[in-house]
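Structure at a glance
Residue strings, one per chain:
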Amino acid sequence: MLPQDIIRLKRDKKTLDKATLQAYVDGVAQNKISDAQIAAFSMAALLNGLNPQEVADLTMAMVHSGKVLHWKGLNGPVIDKHSTGGVGDKVSLMLAPMAAACGLYVPMIVGRGLGHTGGTRDKLDVIPGFNSALSLDQFQKIVADLGCAIIGQTADFAPADGRIYAVRDVTATVENIELITASILSKKIAAGLQGLVIDVKFGNGAFMADKAKAEALGQSLQKTAALAGLRLTPVLTDMNSVLGHSVGHTVELVEAIEYLRGDRRDLRLHDVTKDLLAEMLVLGGKAMDRIQGKRQAQTVLDNGKAAEIFNRMIAAQGGPANLINDYKRIIPVAPKIIDIMVPGNGLLRAMRTREIGLWLVEMGAGRVRVEDQIDPVIGISDMIPIGTQCVAGKTLLCRLHLRRELSVNEIHQFYQLFTIV
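Residues numbered from 1 in each chain as written. Predicted model: local features only at pLDDT ≥ 70, side-chain atom pairs only at ≥ 80, totals over all residues. Heavy atoms only, no water.

Summed over all chains, the structure comprises four aromatic pairs. For the ring pair Trp 71 and Phe 139, a centre distance of 6.3 Å and an interplane angle of 75° mean the geometry is edge-to-face. Taken together, the residues span a long stretch of sequence, with Trp 71 in the loop between α4 (52–63) and β1 (79–83) and Phe 139 in helix α7 (residues 136–146) at a distance of 68 residues. Take Trp 71: its relative accessible area is 16%, and that puts it in the buried class. With relative accessibility at 0%, the residue Phe 139 sits in the buried group. A ring pair is formed by Trp 359 and Phe 414, whose centres lie 4.8 Å apart and whose planes are at 55°; its orientation type is tilted. Within this pair, whereas Trp 359 is found in helix α16 (residues 353–363), its partner Phe 414 is found in helix α17 (residues 408–415), the two being separated by 55 residues in sequence. Across this residue pair, the class does not change: Trp 359 and Phe 414 are buried. Members of the aromatic cluster, connected to one another through ring pairs, are Trp 359, Phe 414 and Phe 418. (Phe/Tyr/Trp six-rings, centres within 6.5 Å; stacked < 30°, edge-to-face > 60°. Helix = DSSP H or I, 4+ residues; strand = E, 2+ residues; numbered from the N terminus. Buried < 20%, exposed > 50% of the residue type's maximum accessible area, 1.4 Å probe, protein only.)

We now examine the sheet that holds strand β11 (residues 418–420). The strands that make up a sheet are held in pairs by hydrogen bonds between backbone atoms, and each pair lies either parallel or antiparallel. One open sheet holds the three strands; their spatial order is β9-β7-β11, and the pairing between them is antiparallel. Edge positions in the open sheet fall to β9 (389–390) and β11, since each of these has one partner strand only. Pairing analysis gives two bridges linking strand β7 (residues 346–351) to β9, with the strands arranged antiparallel. Counterpart to Leu 347 in the pairing with β9 is Gln 389. (Pairing = 2+ DSSP bridges.)

Turning our attention to the packing of helix α5 (residues 91–101) against helix α14 (residues 305–316). At a closest axis distance of 8 Å, the pairing of α5 and α14 adopts a crossing angle of 110°. With respect to each other, α5 and α14 are oriented roughly perpendicular. In this structure, α5 crosses over α14, and the sense of that crossing is right-handed. Counting all contacts with α5, which are made through Leu 93, Pro 97, Met 98, Ala 100 and Ala 101, the residues of α14 involved are Lys 305, Ala 306, Ile 309 and Phe 310. Class assignment of the residues belonging to the contact of α5 with α14 gives a composition of eight nonpolar, no polar and one charged. (Axes fitted to C-alpha atoms, helices over the stretch in contact; angles between N-to-C directions. Parallel < 35°, antiparallel > 145°, perpendicular 65-115°, else oblique. Left-handed = near helix turned anticlockwise from the far one by under 90°. Contact = heavy atoms within 4.5 Å. Nonpolar A, V, L, I, M, F, W, Y, C, P; charged D, E, K, R; others polar.)

As structure tokens, then:
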């Protein structure tokens, strides 16, 4: 079938069968379909929609456009977690070793940050020697040995999706729930998972601000996964404030390490992490219910097993042998650390979370384009949570980790990101 015929069918609101969608994906993977034709198909799908079976067929076609991992001889289920992204989201750093400590196998494939959110791969790349670009053989061996490994996204998985997404990104067709669903699931199914928990973020610090749309995405993911033979549980997380007390690659890595060590655990971050792990354990048959799952999560933190696996994973991927204990010596710090006190009395009622992320991007901590360079030491730590009673000049709002001093005007602009009344 000619590409223009496939486009015409969806333009005219027709249902595409499995063979037609397979032909489309094959054409994309083999470069027989142009970027202009991908853009036209994506726009037709955005305007006219795809039904659940079409999404499932598109997903599986993209899965088989590249390699598919197979896990054999493991003594437990292969379960992963995926987040749609939010400011301060460092959950994966703690969750992977915690899940492994509870008997799950977690082959975690993560991305770099873009826009107002940071990427897990960027945070791990702060660690001297750490290799986030393992071969698939190395990746599978470490997962089998330790229970978890974390690598960057690779073109080995669902390469057709890579082409399609690149075109969608520049043709105003990203905001389509069905295409988002197929994009996420194609890579996860290709990783050979038996179960997946999706952390769907909503609020002013997430890519999807509207809760109803986040719920719709969760439902779409669950329906499509079921048709594709993957067990999936969606979990909604409110991102109207920073998750944890830090934002920025180095400071978030430090927060994750201190969380695993038990030195300091932000209450909301702790709740989100335990909730997600509990869902993973239920999905993998390692816990009868969420209550038991949360207890197991707390146990592997309290007995140090999660911290031990994290340390071993870092070493197995080329990092220092004792990061968990020597992190203060190993992890770089910013030359300027500035205490920011609250400017007025009152209650911290809200924060412009997305704008906090963008402010850090302007300071050099993030990237607007994938090829942009970042400064990993730039960040914000010790942020107080919403609901904190503040006293002007006495309550610490946060600490800024920067390369230079800020002007009075820049500090004033930073204050505008918080509502204290």
